[in-house]
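Structure at a glance
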Amino acid sequence: MNEKVMSAPGVQTAPATQAGPSAEFRETLRSYPTIYHLRECARRRLPGFAYDAGDGGVGADKGIQRNWNALDAVELMPKYGVTKGLPPTGVELFGHRYAAPIGIAPMGSPGIVWPHADEFLAQAAQKANVPYNLSTVSGMSIEEAAKHAPDVFWLQLYRFPRNEFAIGFDLARRAAAVGAKALVITLDVPVRTTRTREVLAGISSPFRFTPKMIMQALGSPSYCASFLKYGIPRFGNFGKYAGENVSLNEMSKFIQGESGGAFTWEDVARYRDVWKGPLIVKGIMHPEDAEKAVSVGCEGVQVSNHGGRQIEGLPATIDVLPGVAAAVNGRAKVLFDSGVRSGLDVVRAMALGADMVLAGKAFLWGLGAMGGDGPGHTIDLFIDEMRATLGQLGVRNFEEARRVPIRHNTAFRVS
Ligand SMILES: Cc1cc2nc3c(=O)[nH]c(=O)nc-3n(C[C@H](O)[C@H](O)[C@H](O)COP(=O)(O)O)c2cc1C
């Protein structure tokens, strides 16, 4: 294990110059040349339960595999002779210019995968100037997220319907008070489902160590050291409602009691009234849902199947993206996630109609492989690869990438 890298928290310098990657990035590239390598290192270095918590999906992981296979199958046709040098990757979204169209998707309890993960993710996103979407059930509070990622943080919301959405609306108001750049409502968890590898690993809610997990953790000195430093993951957002001093067990029960059920479009419309900034609905697969989102005033629709963590039988998100983009037809921004593992995948999604791409597991693999330095290197890899992909295709920017001939045989058109 590379203890030097694992134990040094913080983030790296993005390979931000037009001239190409920084020397520091090139050096790290020797050990972790792709996100695929980060996954492999994470698998070897993390305790088994921590790896499974981040990497596993629902059922037999077939939904995860389908997302990957469908992205891999998208082919882009190059044309040479026009461009010079490395194309820029900056994009504008909701009035903010980001360094690249790659963001960190919301992830609840990433602290199981790597202690203090929320903070590392937020800091890396802020440093690289890419979106960081805080989960409702993160270890870090909205106010802490605003400190770590003041320019780039968004809040994701699950459904808290009790007392006329008292908690849900308050979370949105807290996000507005500290300057969140967008509010993301997750539609695709209408019921709770079972993630097979989490169950087999013994992961429960609230999180508690079983003897088997302790044995696994002892085999990973870096994880143990980080755990001793930062402690067990908690829920950062709910002290105000459940009481600041309640136990993790009580907090977990409180959250389960308050949350759940399927968002209706009326619910979304009520959030539209409460939240004045950009509103995104996440988990859109059907073009008619995209249409509905636009009609209730959402500025963004996020094509997502929760990275294959909720149900195995959905189409791959890349296959429904063109249909959703066509339905939206420029009236809202189209965001995309699920299965993204490279800058090439980002370009594929942008070419098929996305305005912003997000990834979840890729960043957890970064943490698992490199500790606190991992999210920064993951962002660097994405940006370096997307710049190389644009250059290889012979296009000058993402706009031109949308005009390259594309073979996408598995596209899912809802007639
Ligand atoms: C460990 C983990 C926790 C997640 N928690 C949330 C969450 O709290 N809210 C949410 O909307 N999505 C959640 N997601 C889904 C991600 O936001 C995103 O849709 C998904 O990870 C994208 O697929 P990818 O992992 O293949 O990139 C979670 C994903 C992972 C891997």
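Structural notes, computed from the coordinates. (Residues numbered from 1 in each chain as written. Predicted model: local features only at pLDDT ≥ 70, side-chain atom pairs only at ≥ 80, totals over all residues. Heavy atoms only, no water.)

What about the overall build of the chain?
The test is simple: Helical segments are the DSSP runs of H or I of at least four residues, strand segments are the runs of E of at least two, and each set is numbered from the N terminus. For a compact globule the rule gives 2.2 Å times the number of residues to the power 0.38, and the radius of gyration it is set against comes from C-alpha atoms. The criterion used for residue contact is that any of the two residues' heavy atoms lie within 4.5 Å. The Shrake-Rupley method, run with a 1.4 Å probe, gives the accessible areas here. Residue values count only the displayed protein chains as cover. In this charge count, Lys and Arg are treated as positive and Asp and Glu as negative; neither His nor the chain ends contribute. A charge is said to be at NZ when it belongs to Lys, at CZ for Arg, at CG for Asp and at CD for Glu.
The number of helices and strands found in the chain is 20 helices and twelve strands. Computed over C-alpha atoms, the radius of gyration of the chain comes to 20 Å, within 12% of the 22 Å expected from 2.2 N^0.38 for 415 residues, which places it in the range of a compact globule. Overall size of the chain, expressed as C-alpha extent along the three principal axes, is 65 × 50 × 40 Å. Of the contacts formed within the chain by residues at least 6 apart in sequence, a portion of 75% connects residues at least 24 apart. Of the roughly 16,700 Å² of accessible surface on the chain, 54% is carried by carbon and sulfur atoms. Between the averaged position of the 45 positive side-chain charges in the chain and that of its 40 negative side-chain charges there is a distance of 2 Å.

Some thoughts on the site of the ligand
Rules: If a single non-hydrogen atom of a residue is within 4 Å of a molecule or strand, that residue counts as near it. Any pair of nitrogen or oxygen atoms within 3.5 Å is treated as a polar contact; in protein, a donor-acceptor pairing is required on top of that, and neighbouring residues in sequence qualify only through side-chain atoms on both sides. Three categories are distinguished: nonpolar for Ala, Val, Leu, Ile, Met, Phe, Trp, Tyr, Cys and Pro, charged for Asp, Glu, Lys and Arg, and polar for the others, with Gly belonging to the last.
Surrounding the ligand, one finds 23 residues, the nearest of these being Pro 106, Ser 135, Tyr 158, Thr 186 and Gly 339. Taking Gln 156, its side chain carries an N or O atom lying 3.3 Å from a nitrogen atom of the ligand. The side chain of Lys 282 places a nitrogen or oxygen atom 2.9 Å from a nitrogen atom of the ligand. Against a free-state accessible area of 610 Å², the protein chains account for coverage of 96% of the ligand. In the shell around the ligand, the residues fall into eight nonpolar, eleven polar and four charged.

What about helix H18 (residues 361–370)?
Rules: Think of it in three bands: with a 1.4 Å probe and only protein chains considered, a residue is buried below 20% of the maximum accessible area for its type, exposed above 50%, and partly exposed in between.
Where burial is concerned, most of H18 is hidden: ten out of the ten residues are buried. Positive backbone phi, approximately 70°, marks Gly 371, located one or two places after H18.

Digging into the environment of Gly 374
By the secondary structure assignment, Gly 374 is in helix H19 (residues 374–393). Measuring from C-alpha to C-alpha, the distance between Gly 374 and Gly 111 comes to 14 Å, with 263 residues separating the pair along the chain. In this view, Gly 374 contacts Gly 366 and Leu 367; residues no more than four positions away in its chain are not counted.

Comments concerning the pattern of salt bridges
To keep things clear, this is the line we draw: A pairing counts as a salt bridge when a side-chain nitrogen of Lys or Arg comes within 4 Å of a carboxyl oxygen of Asp or Glu.
Summed over all chains, the structure comprises 22 salt bridges. Residue Asp 52 pairs with Arg 197 through a salt bridge whose shortest N-O separation is 3.0 Å. Of this pair, Asp 52 sits in helix H4 (residues 48–55) while Arg 197 sits in helix H9 (residues 196–201), and the two are 145 residues apart along the sequence. With respect to class, Asp 52 is no different from Arg 197; both count as buried. Here Arg 195 and Glu 198 are joined by a salt bridge, their closest N and O atoms 3.8 Å apart. Looking at Arg 195, the relative accessible area reads 16%, which means it is buried. If you follow the salt bridges from partner to partner, you end up with Arg 39, Asp 52, Asp 55, Asp 61 and Arg 197 in one network.

Let's talk about helix H6 (residues 117–128)
How we decide: A helix is expected to span 1.5 Å for every residue after the first.
Given a rise of 1.5 Å per residue, twelve residues ought to cover 16 Å, and the 17 Å separating the end C-alpha atoms of H6 matches this to within 8%. Counting buried positions over the twelve residues of H6 gives nine, a clear majority of the element. Within H6, the full set of buried residues consists of Ala 117, Asp 118, Glu 119, Phe 120, Leu 121, Ala 122, Ala 124, Ala 125 and Ala 128. In this structure, the buried side of H6 is in contact with strand S4 (102–104), strand S5 (132–134), helix H7 (142–148), helix H11 (221–230), H18 and H19. Just beyond H6, the residue with positive phi is Asn 129, at close to 60°.

Describing the pairing of strand S6 (residues 153–157)
Operational definition: We treat two strands as partners when DSSP finds at least two bridges between them. When the strands point away from the viewer and the path from the first strand over the helix to the second turns clockwise, the crossover is right-handed.
Within S6, five of the five residues are buried, which leaves it mostly tucked inside the rest of the structure. In this sheet, S6 lies alongside S5 in parallel orientation, the contact comprising three bridges. Of the residues in S6, the one forming a bridge with Tyr 132 is Phe 153. In terms of strand pairing, S6 meets strand S7 (residues 183–186) through three bridges, oriented parallel. From the neighbouring strand, Leu 155 faces S7, where its bridge partner is Leu 183. A crossover connection joins S6 to the parallel S7 through helix H8 (residues 162–177); in handedness this β-α-β unit is right-handed.

Looking at a nonpolar patch on the surface
Note the following rule: Only residues whose relative accessible area exceeds 30% and that form no salt bridge are eligible for patches; like-charged ones are grouped when within 9 Å, while nonpolar side chains (Val, Leu, Ile, Met, Phe, Trp, Tyr) are grouped when within 5 Å.
A cluster of nonpolar side chains, Ile 214, Met 215 and Leu 218, forms an exposed patch at the surface whose accessible area comes to about 330 Å². Within the secondary structure layout, Met 215 lies in helix H10 (residues 211–218).

A few points about the packing of aromatic side chains
The geometry of an aromatic ring pair comes down to the distance between the two centres and the angle between the two planes. Basically, it comes down to this: Only Phe, Tyr and Trp rings take part, Trp by its six-membered ring, and two of them pair if their centres are within 6.5 Å. Stacked means planes under 30 degrees apart, edge-to-face means over 60, and tilted covers everything else.
Applying the stated criterion across every chain yields a total of 15 aromatic pairs. Where Phe 49 meets Phe 209, the ring centres are 5.7 Å apart and the plane angle is 90°; that geometry is what we call edge-to-face. Of this pair, Phe 49 sits in helix H4 while Phe 209 is found in the loop between H9 and H10, placing the two residues 160 residues apart along the sequence. Its relative accessible area of 0% is what places Phe 49 among the buried residues. Ring centres 5.5 Å apart and planes at 25° place the aromatic pair Phe 165 and Phe 169 in the stacked group.

Function cannot be read off these values alone, since they describe shape.
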